[in-house]
Amino acid sequence: MADNIMSKAATMEIPINSNGDTGTLTEDDSLEQDLQQVMVSGPNLNETSIVSGGYGGPAGGIIPTSSIKGPGVRYNPEYLDRGWAPAAGLGSLNHNTNSTEEVSRGVAVEKLDSVKKWGINTYKCTKQMFSEKFGRGSRTVDLELEAQIDVLRDTKSKYENILRLATALITHFQSMVQTQQALGDTFTDLSQKSPELQDEFGYNAETQKLLCKNGEALLGAINFFVSSINTLVNKTMEDTLMTIRHYENARLEFDAYRSDLEELSLGPRDAAAMVRIEMAQQEYHTHREKYERLRSDVSIKLKFLEENKVKVMHKQLLLFHNAISAYFAGNQQQLEQTLIQFNVKLKPPGSDKPSWLEEQ
């Protein structure tokens with residue numbers, strides 16, 4: 001029946017009047033009913049034919065679609081009017097596109113939730129911080145731990161001052177040693193060129209060279225002292241202070257969620273409010289556990305830091321004292337023994353300068 005309808009439709013004439021309006025069709029009612037039936041029922045693609053020629057072409061130009069092999073496609077009647085059919089692989093393409101869109105949507109939702117939580121947490125902590133500064137909010141205080149933290153910060157500040165002064169001492173003393181080195185070289189040169197003052201220039205040159213050698217030994221001891229103090233201040237103490245900063249942030253978050261829970265507890269007790277109170281209690285317990293864990297970490301680190309500080313400073317202060325005393329007393333043997341006692345290794349002369357290969 002479909003072949004009959006298509007052949008009739010291919011030879012149908014549509015009269016046009018002088019105004020460009022179509023005239024009435026002269027086909028019988030049976031053809032109109034058949035067309036309506038085709039449009040409504042939507043015949044399968046395997047039951048239709050493709051006309052390869054123009055209207056009124058030979059019958060040989062009709063190719064049955066049942067001979068074309070490929071995946072089955074549902075044929076929408078609306079495609080018949082437009083003269084085309086959907087591609088066979090469109091379903092798998094849409095499936096892959098939908099899967100990609102779902103993954104992208106999931107990532108976007110996860111990032112949005114993360115930003116939302118961060119925003120809520122920042123708002124609560126900022127509110128708590130201003131409340132504490134203006135005296136309207138309460139804060140959790142561990143008096144013993146706070147006192148230890150204050151002592152540590154004060155100690156670090158004083159040790160930083162020692163570090164600055166010792167570094168300045170190295171700079172000035174190194175300049176003096178370099179001057180002594182240059183003076184000794186000048187005395188040696190003059191002792192060779194001035195026969196009448198050879199002895200005087202000679203023993204002055206030896207004295208300056210000896211002072212320069214002892215000065216380099218003292219510089220090695222002070223450098224070792226500065227290096228140890230720098231490690232103690234900028235690594236060991238700074239690591240403990242970093243944990244303290246994490247602890248203080250956790251304390252602020254804990255107090256922020258504690259104040260939020262207290263405010264909700266004073267409000268109405270309807271169903272929605274009870275849900276918010278329950279969620280606030282969960283957040284409160286979570287931040288309380290974090291606060292207590294970091295407080296314990298700070299206490300342990302402060303204890304070990306104090307022990308390490310005493311041990312390190314006992315050794316370094318003894319080294320500094322013995323080296324300074326031996327140098328200014330002119331006791332070269334004691335100065336060398338001090339360096340051996342504290343395992344201070346001197347750099348060979350010129351080791352700080354790059355080699356000729358490195359300069360290339």
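Residues numbered from 1 in each chain as written. Predicted model: local features only at pLDDT ≥ 70, side-chain atom pairs only at ≥ 80, totals over all residues. Heavy atoms only, no water.

You'll find the protein entered in an unreviewed UniProt entry as AH domain-containing protein, with Gambusia affinis given as the organism.

### As for the overall build of the protein
Within the protein, the regular secondary structure consists of nine helices and two strands. Across the protein, helices and strands are ordered from the amino to the carboxyl terminus as α-α-β-β-α-α-α-α-α-α-α. The proportion of buried residues among the 360 residues of the protein is 25%. In the protein, 71% of the contacts between residues at least 6 apart in sequence involve partners at least 24 apart. (Helix = DSSP H or I, 4+ residues; strand = E, 2+ residues; numbered from the N terminus. Buried < 20%, exposed > 50% of the residue type's maximum accessible area, 1.4 Å probe, protein only. Contact = heavy atoms within 4.5 Å.)

### Quick look at the environment of Leu-261
Summarising the element assignment, Leu-261 is placed in helix α6 (residues 198-265). Ignoring anything within four residues of it in the chain, the contact list for Leu-261 reads Ile-277, Ala-280, Gln-281 and Tyr-284.

### Some thoughts on the packing of helix α7 (residues 271-328) against helix α8 (residues 332-341)
Taken N-terminus to C-terminus, the directions of α7 and α8 make an angle of 160°; their axes are 8 Å apart at the nearest point. For the element pair α7 / α8, the angle class is roughly antiparallel. The hand of the α7/α8 crossing is left-handed. Judged by residue contacts, Leu-319, Asn-322, Ala-323 and Ala-326 of α7 engage Gln-334, Leu-335, Thr-338 and Gln-341 from α8. Taken together, the residues that form the contact of α7 with α8 break down as four nonpolar, four polar and no charged. (Axes fitted to C-alpha atoms, helices over the stretch in contact; angles between N-to-C directions. Parallel < 35°, antiparallel > 145°, perpendicular 65-115°, else oblique. Left-handed = near helix turned anticlockwise from the far one by under 90°. Nonpolar A, V, L, I, M, F, W, Y, C, P; charged D, E, K, R; others polar.)

### Here's the deal with the side chain of Asp-255
By secondary structure assignment, the location of Asp-255 is in helix α6. By relative accessible area, Asp-255 is classed as buried at 0%. Asp-255 has contacts with Gln-128, Glu-132, Ser-138, Arg-139 and Thr-140, leaving out every residue within four places of it along the chain.

### Things to note about the UniProt feature "coiled-coil region" (unreviewed entry) in the protein
In the numbering adopted here, UniProt assigns the feature "coiled-coil region" (unreviewed entry) to residues 277-308. This span, residues 277-308, is 100% helix and 0% strand, and a straight line between its end C-alpha atoms measures 46 Å. (UniProt positions renumbered as here; feature names shortened; annotations may be inferred.)

### Things to note about the pattern of salt bridges
Applying the stated rule across the entire model yields 14 salt bridges. Note that Glu-238 is salt-bridged to Lys-156, the shortest N-O span being 3.7 Å. Remark: Lys-156 occurs in helix α5 (residues 143-193) and Glu-238 occurs in helix α6; sequence separation between them is 82 residues. Given the relative accessible area of 26%, Glu-238 is considered partly exposed. One salt bridge in this structure joins Glu-253 and Lys-290, with 3.5 Å as the shortest N-O distance. With Glu-253 in helix α6 and Lys-290 in helix α7, this residue pair connects regions lying 37 residues apart in the sequence. (Salt bridge = Lys/Arg side-chain N within 4 Å of Asp/Glu carboxyl O.)

### Points about α6
Relative to the 100 Å expected for 68 residues at 1.5 Å per residue, α6 spans 97 Å between its end C-alpha atoms, a close match to the ideal helical length. The largest bend along α6 measures about 35° and falls at Glu-238. (Expected span 1.5 Å × (residues − 1). Bend = angle between axes of the 7 residues up to and from the residue.)

### Quick look at the environment of Arg-295
Among the secondary structure elements, Arg-295 is positioned in helix α7. Along the sequence, Arg-295 and Leu-145 sit 150 residues apart, while their C-alpha atoms lie 8.3 Å from each other. In contact with Arg-295, other than residues within four places in its own chain, are Asp-142, Leu-145 and Tyr-247.

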